[in-house]
Amino acid sequence: MKIHLIRSSEVEPHQFTAIYDLIRQYPGPVQYIIHENPVEYSIDELEVEIWEEERIGREIMLSDEIMFSLCEEHSITYVGWDSIFDHCNESRRKYRIPDKEPVVLLTDHANEYNWFSGSDQSGKLNMFVHTGMWDRFTFPDFRYPVVYLLAAIPLRLSMYDSFSESVKNYHQEPRGCMNDYCQDKKDIQLKLRTGDICPECRKRIHDRNVDNHLVAQVFF
Ligand SMILES: [Zn+2]
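Quick look at the structure, then.

Cut-off values and rules
- Residues numbered from 1 in each chain as written.
- Predicted model: local features only at pLDDT ≥ 70, side-chain atom pairs only at ≥ 80, totals over all residues.
- Pairing = 2+ DSSP bridges.
- Helix = DSSP H or I, 4+ residues; strand = E, 2+ residues; numbered from the N terminus.
- Axes fitted to C-alpha atoms, helices over the stretch in contact; angles between N-to-C directions.
- Contact = placed C-beta atoms within 7 Å.
- Buried ≥ 20, exposed ≤ 12 C-beta atoms within 10 Å, placed from the backbone.

### Observations concerning the sheet that holds strand 7 (residues 117–119)
One open sheet holds the five strands; their spatial order is 2-1-5-8-7, and the pairing between them is mixed. Either end of the sheet is taken by a strand with one partner, and the two such strands are strand 2 (31–34) and strand 7. For this sheet, the mean angle separating the axes of adjacent strands, direction not counted, is 25°. Alignment of strand 7 against strand 8 (residues 126–130), held across three bridges, turns out to be antiparallel. Residue Gly-118 lies in a different strand from strand 8, and its bridge partner there is Phe-128. Against the sheet, helix 1 (residues 13–23) engages strand 1 (2–7), strand 2 and strand 5 (103–107), with an angle of about 165° to strand 2. Sheet contacts for helix 4 (residues 143–159): strand 1, strand 5, strand 7 and strand 8; angle to strand 8, the most-contacted strand, approximately 160°.

Quick look at the structure:
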């Protein structure tokens, strides 16, 4: 399987290369292909809101160990999911990427539903992964959570027939599994630090005869 990585322009080229250099250290059946030219959002596609730390605490994180000043304000730029997936489709056309090969947009902006990663529910194999704000979850090096979320994509697709079926089967209660939904954003810490898969998902992987080499590539 080939997975195509694209970036929006606020993701710096050196960050993009750093992600690619890390993920390709783990060989397996999935081949990652990067397309250097960045996606440019138009002004109309970007929404900006001023959030105080208290709201960031509520909506984005919170690591209990970190104290933030409640009066500090931050400008948060976010983009709609439709815009993200429109740009994925544009890149598909531009680079002649077949429908069966996933396209993943790496974006540093927040997104409409404030997810770490999301998938196009239209049935097309488009996704995004958020590259920003990981320091808020006590992950000082953004590469590791981003690469984990990227690596999970082909395994999820092997476990289910579509992205939408995969999303429907997310675990609502966190159990330290790749398929945890993480509605409470700080649950991402459990999911990423365990880097594991629960017995139910293991059974599904077994029952669907998912390639062992793919599993090994994800749980390197
Ligand atoms: Zn699971």
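### Some words on the environment of Ser-119
Of note, Ser-119 is situated in strand 7. Once the C-alpha coordinates of Ser-119 and Val-167 are considered, the two residues, 48 residues apart in sequence, prove to be 8.4 Å apart. Each residue touching Ser-119, except ones within four places of it in the same chain, is listed here: Met-127, Phe-163 and Val-167.

### Quick look at the environment of Glu-200
Residue placement: Glu-200 occurs in helix 7 (residues 199–207). Under the C-beta neighbour-count criterion, Glu-200 is labelled partly exposed, with 13 such atoms within 10 Å. The spatial distance from the C-alpha of Glu-200 to the C-alpha of Cys-177 is 9.8 Å, given a sequence separation of 23 residues.

Structural measurements only, silent on function.
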